[in-house]
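# Report on the structure
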Amino acid sequence: MMFNWIPVSANDEDDEPKQMNAVQKKSNILPLWGNERTMNLNPLILTNIQSSHYFKVNLYELKTYHEVIDEIYYKVAHLEPWEKGSRKTAGQTGMCGGVRGVGAGGIVSTAYCLLYKLFTLKLTRKQLNGLITHPDSPYIRALGFMYIRYTQPPPDLWDWYDEYLDDNEELDVKAGGGQVMTIGNILKNFLCKLEWFSTLFPRIPVPIQQKIEKNMAARFPGGINQKSSVRHTTTDTENYDSEKSSRHYGSSTLSERSNADDRRERRSRDRSRGGGGGGNNGRRSRGHSSDRDRKRRYSRERERDRERDRDRERERDRDRDRHNYREKHSDDYKRRNRSRSRSRSRSKSRHRHRH
């Protein structure tokens, strides 16, 4: 029996590392799950984002990943889809009452506008990892985790969130304040619940959801009531407050909290901004009070802009109504003017005859 030996050239051996590098580079491209145009957002929220002045004008000017991160740092103060008091659902029922997050809209939140802006940038895996580990603000991290929940394939969710389920960094998620949650508890909500305030996340297929529940039960034994945790109605956001007191996913000790605080203090705030965002190093001196003042000023300016837009719209409507009325009654105006001119001419002629 004859065997044909095929010699392996040095070039073939050199091709192997190139192929490996190509696979590694490709892995930096994130897959998009679901609708690649809408980001799987609720249609009403998406429509309000795309038509909002803030998204069309202010965010249009931001072209790089780092500029959007800075905007999140300064402008985001909660994670609800709507601004406080802008969504009136009282007295409405069914699909118009906000059940399942479809009903009457309001002013869409800065957080969701920036979330959709991140989607338009088509983030890479490296950039998304930079978001969820960012040292400057928990809101930057939270929007990164929310981006994962809306856009990544359900089988990958556990791998993304697993490392951070015990994260004790806190932030206020409610519009207007009053509902502080840790990053870990937010991620448990993302994994085990379909609802987030007055909107819905994309559905997780049942087999994958069961696997996530099994992983959660193994990770936090005896701490989760699976039936109620998967389907929890959050049309009224205050339901979260009662749930926080009655349901615990795991208790953190004081030593763990202090260690987490120490780690946060040790994080460097110097960022090396290479690549598309441009280089800009330096320590930021940011005070909480100045941030609050900035946010208040910004909200007041937005309210004034909205009021001006409303006044202009009302003035346009009045002008349109006047014009339409004149067009409609133009014949009457002409007749009246003719009759007035005739009566004037007659009175003048009578006056001349008398004299």
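The coordinates are above.
All figures in this text were calculated on a predicted structure; none of them were measured in a lab.

Criteria and thresholds
- Residues numbered from 1 in each chain as written.
- Predicted model: local features only at pLDDT ≥ 70, side-chain atom pairs only at ≥ 80, totals over all residues.
- Heavy atoms only, no water.
- Axes fitted to C-alpha atoms, helices over the stretch in contact; angles between N-to-C directions.
- Helix = DSSP H or I, 4+ residues; strand = E, 2+ residues; numbered from the N terminus.
- Contact = heavy atoms within 4.5 Å.
- Phe/Tyr/Trp six-rings, centres within 6.5 Å; stacked < 30°, edge-to-face > 60°.
- Buried < 20%, exposed > 50% of the residue type's maximum accessible area, 1.4 Å probe, protein only.
- Lys NZ or Arg CZ within 6 Å of the ring centre and 35° of its normal.
- Salt bridge = Lys/Arg side-chain N within 4 Å of Asp/Glu carboxyl O.
- Parallel < 35°, antiparallel > 145°, perpendicular 65-115°, else oblique.
- Left-handed = near helix turned anticlockwise from the far one by under 90°.
- Nonpolar A, V, L, I, M, F, W, Y, C, P; charged D, E, K, R; others polar.

### Details of the packing of helix α9 (residues 183-192) against helix α10 (residues 206-219)
- Here α9 crosses α10 at 145 degrees, and the two axes come no closer than 10 Å. On α10, the residues that touch Lys188, Leu191 and Cys192 of α9 are Gln209, Ile212 and Met216.

### Focus on the packing of aromatic side chains
- Tallied over the full model, the rule gives 12 aromatic pairs.
- With a centroid separation of 6.3 Å and an interplanar angle of 80 degrees, the aromatic rings of Tyr112 and Tyr150 are classed as edge-to-face. One end of the pair, Tyr112, is in helix α5 (residues 110-120); the other, Tyr150, is in helix α7 (residues 138-151), and 38 residues separate them in sequence. Exposure class is identical for Tyr112 and Tyr150. Each is buried.
- Above the ring of Phe119, the side-chain terminus of Lys122 is found at 4.3 Å from the ring centroid.
- Here the basic side chain of Lys188 rests over the ring of Phe220, its NZ or CZ set 4.3 Å away from the ring centre.

### Description of the pattern of salt bridges
- A full pass over the atoms with the stated rule returns 5 salt bridges.
- Of the charged contacts in the structure, one is a salt bridge between Asp162 and Arg219, with a shortest N-O distance of 2.4 Å. Taken together, the residues span a long stretch of sequence, with Asp162 in the loop between α8 (154-161) and β1 (170-172) and Arg219 in helix α10 at a distance of 57 residues.
- For Asp162, a relative accessible area of 28% corresponds to the partly exposed category.
- Several salt bridges share partner residues, and in doing so they unite Arg141, Asp167 and Glu169 into one network.

### A short note on unusual backbone geometry
- Backbone geometry at Met39 places phi at a positive 65 degrees, although glycine is not the residue there.
- Among the secondary structure elements, Met39 is positioned in the loop between α1 (10-27) and α2 (43-51).
- The class of Met39 is buried, set by a relative accessible area of 0%.
- Not every positive phi belongs to a glycine, and Lys122 is a case in point at roughly 55 degrees.
- Here Lys122 lies in the loop between α5 and α6 (125-132).

### Observations concerning the packing of helix α4 (residues 65-75) against α7
- Close contact between α4 and α7 brings their axes to 8 Å; oriented N to C, the two are set at 120 degrees. As the angle between them shows, α4 and α7 are arranged oblique. Pair α4 / α7 crosses with right-handed handedness. Mapping the contact onto sequence places Ile69, Ile72 and Tyr73 in α4 and Tyr139, Ile140 and Leu143 in α7.
- Of the residues belonging to the contact of α4 with α7, the class tally is 6 nonpolar, no polar and no charged.

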